[in-house]
Amino acid sequence: MTITIALPSKGRMKDEASAIFERAGLKISTVGNDRSYRGRVEGIDDVEIAFLSASEISREIGAGSVDFGVTGEDLVREGLSDADGRVEFCARLGFGHADVVVAVPDIWLDVDTMADLGDVAAEFRSRHGRRLAIATKYWRLTQQHFSGSHGIQLYRIVESLGATEGAPASGSADIIVDITSTGSTLTANHLKILSDGIILRSQACLVRARKPEHAGDARVAEIAARVQVALRG
Ligand SMILES: Nc1ncnc2c1ncn2[C@@H]1O[C@H](COP(=O)(O)OP(=O)(O)OP(=O)(O)O)[C@@H](O)[C@H]1O
Ligand SMILES: O=P(O)(O)OC[C@H]1O[C@H](OP(=O)(O)OP(=O)(O)O)[C@H](O)[C@@H]1O
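Below is a summary of the structure that appears in this document. (Residues numbered from 1 in each chain as written. Chains lettered and ligands numbered in written order. Predicted model: local features only at pLDDT ≥ 70, side-chain atom pairs only at ≥ 80, totals over all residues. Heavy atoms only, no water.)

**Section: the overall build of the protein**
Reasoning step 1: Helix and strand counts for the protein stand at nine helices and 12 strands.
Reasoning step 2: Considered along the principal axes of its C-alpha atoms, the protein spans approximately 65 × 35 × 30 Å.
Reasoning step 3: In the protein, buried positions account for 48% of the 233 residues.
Reasoning step 4: Partitioning the intrachain contacts of the protein with sequence separation of at least 6 by distance along the chain shows that 69% fall at a separation of at least 24.
Reasoning step 5: Here the protein displays about 11,500 Å² of accessible surface, and carbon together with sulfur accounts for 48% of that area. (Helix = DSSP H or I, 4+ residues; strand = E, 2+ residues; numbered from the N terminus. Buried < 20%, exposed > 50% of the residue type's maximum accessible area, 1.4 Å probe, protein only. Contact = heavy atoms within 4.5 Å. Areas by Shrake-Rupley, 256 points an atom, 1.4 Å probe, with all protein chains shown as cover.)

**Quick look at helix α1 (residues 14-23)**
Reasoning step 1: For α1, the complete set of buried residues consists of Ala17, Ile20 and Phe21. The arc enclosing the buried residues of α1, seen along the axis, measures out at 100°, which places them on a common side. Of the exposed residues in α1, those oriented more than 90 degrees away from the buried face are Asp15 and Arg23.
Reasoning step 2: The inward-facing, buried residues of α1 contact β1 (3-8), β2 (28-30), β5 (68-72), β12 (204-209) and α9 (218-232).
Reasoning step 3: Positive phi shows up at Gly25, right after α1, with a value of about 80°. (Arc of directions from axis to C-beta.)

**As for the pairing of β1**
Reasoning step 1: Of all six residues in β1, six are buried, a share of seventy percent or more.
Reasoning step 2: Here β1 shows a buried face lined by Ile3, Ile5 and Leu7 and a second buried face lined by Thr4, Ala6 and Pro8.
Reasoning step 3: Relative to strand β4 (residues 47-52), β1 runs parallel, the two being bridged by six bridges. Counted as the bridge partner of Thr4 is Glu48 from β4.
Reasoning step 4: Of the strand pairs in this sheet, β1 and β5 are connected by two bridges, and their pairing is parallel. In the sheet register, Ala6 faces β5, and the bridge partner there is Gly69. (Pairing = 2+ DSSP bridges.)

**Brief notes about the packing of α1 against α9**
Reasoning step 1: It is at 8 Å that the axes of α1 and α9 come closest, and there the two elements cross at 95°. Taken together, the axes of α1 and α9 lie roughly perpendicular to each other. Taking contact as the criterion, the partners of Ile20, Phe21 and Arg23 in α1 are, on α9, Val227, Ala230 and Leu231.
Reasoning step 2: Among the residues forming the contact of α1 with α9, the class breakdown is five nonpolar, no polar and one charged. (Axes fitted to C-alpha atoms, helices over the stretch in contact; angles between N-to-C directions. Parallel < 35°, antiparallel > 145°, perpendicular 65-115°, else oblique. Nonpolar A, V, L, I, M, F, W, Y, C, P; charged D, E, K, R; others polar.)

**Considering the nonpolar core**
Reasoning step 1: Judged by nonpolar contacts, the single largest core of 27 residues is most densely connected at Ile5, Phe21, Phe68, Leu93, Leu206 and Val227.
Reasoning step 2: For this core, the element with the most residues is α9, which contributes five residues.
Reasoning step 3: With residues near it in sequence (within four places) discarded, Ile5 still touches Phe21, Val47, Glu48, Ile49, Ala50, Phe68 and Ile223.
Reasoning step 4: Core analysis: the second largest hydrophobic core is formed by 23 residues, Trp108, Leu132, Leu141 and Tyr155 among them. (Core = buried A, V, L, I, M, F, W, Y, C linked by side-chain atoms within 4.5 Å.)

**Some remarks on the site of ligand 2**
Reasoning step 1: With respect to spatial proximity, the complete set of residues near ligand 2 consists of Arg12, Glu165, Asp178, Ile179, Thr180, Ser181, Thr182, Gly183, Ser184 and Thr185.
Reasoning step 2: The side chain of Thr180 places a nitrogen or oxygen atom 2.8 Å from an oxygen atom of ligand 2.
Reasoning step 3: At a separation of 2.5 Å, an oxygen atom of ligand 2 approaches a polar side-chain atom of Thr182.
Reasoning step 4: When the free accessible area of ligand 2 is taken as 500 Å², the share hidden by the protein chains comes to 59%.
Reasoning step 5: Among the secondary structure elements, those contributing two or more residues to the shell around ligand 2 are β10 (175-180) and α8 (184-188).
Reasoning step 6: For the shell around ligand 2, the element with the highest residue contribution is β10, accounting for three residues. (Near = heavy atom within 4 Å. Polar contact = N/O pair within 3.5 Å; in protein donor to acceptor, adjacent residues only side chain to side chain.)

As structure tokens, then:
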């Protein structure tokens, strides 16, 4: 069996992902020219590298079409139902940090917690006859946090694929769920994070698709172990 490892082909995670593999003694070289989307690990046969975008990697891991991948925990948990059942988080890689948060307009002075937001959602319904609108691309994480963890059912999600922080000011939504790293985009858009509004502290992870054929395959165990050791060193 050929083992396929998916690494980011572009974007913010690309360079650090390759560097960690190199530190782990798994030096990656591209097959063919520099723009190729296939690679190999020098000195190890039967291991293939697929260069994909971070969001494609979480999808392919979920489908089981690659064995390992490096991508953000947020993309895995948002992209897959039962992520822990389908994927093993082998290592947290220490880069690509971003929090998925619930943020509301900072002029909502009385709203600091999810419980306060639950009250607001109920009020929206009784006073304005409409549901609280949440702009996000994180549908699954939003539903888990609002309905699952906090019992808030009175909301609707407005899909936002970019400039999410602008949605409250433009009137397309009341609040947002999005990622933040430095916090400057939230501040610039006059939004504040609720005190219990951190849904997930995400970072880049080495993940493995849980496949029966991995059991007893020494190469699978070795890849995970090498990366774990490199992180300690
Ligand atoms: N400031 C940030 N903004 C956006 N994503 C960030 C940030 N910091 C870390 N990340 C993480 O980077 C990952 C997304 O990376 P990237 O934008 O390169 O991937 P992508 O979604 O596949 O790209 P694209 O949208 O171009 O297809 C997510 O896991 C996200 O949590
Ligand atoms: O907390 P901060 O440091 O301000 O970062 C957060 C912002 O960065 C990301 O957008 P980015 O412009 O990187 O593009 P993307 O959403 O297309 O990835 C993200 O969607 C936030 O808007």
